[in-house]
Amino acid sequence: LPPPPPQPQPQPPQQSLHQTFSIASKCLRVHWNVPRETLENAPAGPLESPKFDLSFGEEHRAVAFRLRIIPESTQEAATMSSFKEAQGRGFVELMCDEEIVDSMPELHFRIAVGNGDSRRPFRGPVSHNFEQDECCGLPADKALW
């Protein structure tokens with residue numbers, strides 16, 4: 001008898017990015033789902049979301065952004081830690097993914113981590129001008145999750 005066909009291997013959970021716009025608040029909510037397995041198995045260094053566009057009104061063009069999760073590193077570390085080495089602790093940043101050539105208004109944002117019942121409360125708001133610096137996270141005293 002021929003050997004049985006190989007069984008398909010279960011696929012690891014995939015990252016996903018969803019955007020929801022509230023007409024009432026005029027706010028865009030970006031939800032980036034990063035499965036625990038992805039963080040635990042990620043190599044050292046930051047993990048970046050897929051690109052998403054933010055619109056700044058009719059007088060400004062949409063601009064590409066990403067979210068970035070950076071594992072906490074110890075002061076003694078000569079290189080970046082992995083999330084496993086950092087015991088899952090890290091920082092979240094919003095990063096402009098293109099060069100800004102036109103003027104752009106300040107962006108106001110908040111950050112939360114977790115999902116469902118395990119979601120932690122939002123932190124922020126933070127206001128930032130991405131013309132001056134391409135990355136922005138929460139203030140130092142609120143940044144570590």
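Our structure's up above, just so we're on the same page.
As a starting point, this report considers the structure included with it. Remember, it's a predicted structure, so these values are computed and weren't measured experimentally.

Here we look at the overall build of the protein
Step number 1: The helix and strand inventory of the protein stands at 1 helix and 9 strands.
Step number 2: Taken from N to C terminus, the helices and strands of the protein fall in the order β-β-α-β-β-β-β-β-β-β.
Step number 3: A compact globule built from 145 residues would reach a C-alpha radius of gyration of about 15 Å, whereas the protein, at 18 Å, exceeds it by more than 25%.
Step number 4: By principal-axis analysis of the C-alpha atoms, the protein measures approximately 70 × 40 × 35 Å.

Here's the deal with the packing of aromatic side chains
For any pair of aromatic rings, the description consists of the separation of the ring centres together with the inter-plane angle of the planes.
Step number 1: Under the counting rule described, the total for this entry stands at 2 aromatic pairs.
Step number 2: Between R110 and the ring centre of F122, over which it is positioned, the NZ or CZ distance is 4.1 Å.
Step number 3: The ring of W145 is capped by R123, whose NZ or CZ atom sits 3.6 Å from the centre of that ring.

Description of the state of the cysteines
Step number 1: A full pass over the atoms with the stated rule returns 0 disulfides.
Step number 2: Distance from the sulfur of C96, which forms no disulfide, to the nearest cysteine sulfur (C135) is 8.9 Å.
Step number 3: A residue is classified by how much of its surface remains accessible, and C96, at 3% relative accessible area, is buried.

Here we look at a nonpolar patch on the surface
Step number 1: Taken together, the side chains of F21, I23 and L28 make up a nonpolar region of the molecular surface, amounting to roughly 340 Å² of accessible area.
Step number 2: Inspection of the secondary structure assignment puts F21 in strand β1 (residues 16-22).

Concerning unusual backbone geometry
Step number 1: A cis geometry characterises the amide bond from G124 onward to P125, with omega recorded as 15°.
Step number 2: In this fold, P125 is placed in strand β8 (residues 123-128).
Step number 3: Phi at K26 takes a positive value of approximately 60°, unusual for a residue other than glycine.
Step number 4: Examined against the element boundaries, K26 turns out to sit in the loop between β1 and β2 (27-33).
Step number 5: Of the residues examined, K26 reaches a relative accessible area of 67% and is grouped as exposed.
Step number 6: Here the phi dihedral of Q87 falls at roughly 55°; this positive angle occurs in a residue that is not glycine.
Step number 7: Among the structural elements, Q87 can be located in the loop between β5 (63-71) and β6 (90-96).

Observations concerning the side chain of S82
Step number 1: With respect to the element layout, S82 can be found in the loop between β5 and β6.
Step number 2: Each residue touching S82, except ones within four places of it in the same chain, is listed here: A42, P43, A44 and P71.

Cut-offs used in this document
- Residues numbered from 1 in each chain as written.
- Predicted model: local features only at pLDDT ≥ 70, side-chain atom pairs only at ≥ 80, totals over all residues.
- Heavy atoms only, no water.
- Helix = DSSP H or I, 4+ residues; strand = E, 2+ residues; numbered from the N terminus.
- Rg over C-alpha atoms; globule rule 2.2 N^0.38 Å.
- Phe/Tyr/Trp six-rings, centres within 6.5 Å; stacked < 30°, edge-to-face > 60°.
- Lys NZ or Arg CZ within 6 Å of the ring centre and 35° of its normal.
- Disulfide = S-S within 2.5 Å.
- Buried < 20%, exposed > 50% of the residue type's maximum accessible area, 1.4 Å probe, protein only.
- Patch = residues over 30% accessible without salt bridge, like charges linked within 9 Å, V, L, I, M, F, W, Y side chains within 5 Å.
- Areas by Shrake-Rupley, 256 points an atom, 1.4 Å probe, with all protein chains shown as cover.
- Salt bridge = Lys/Arg side-chain N within 4 Å of Asp/Glu carboxyl O.
- Contact = heavy atoms within 4.5 Å.

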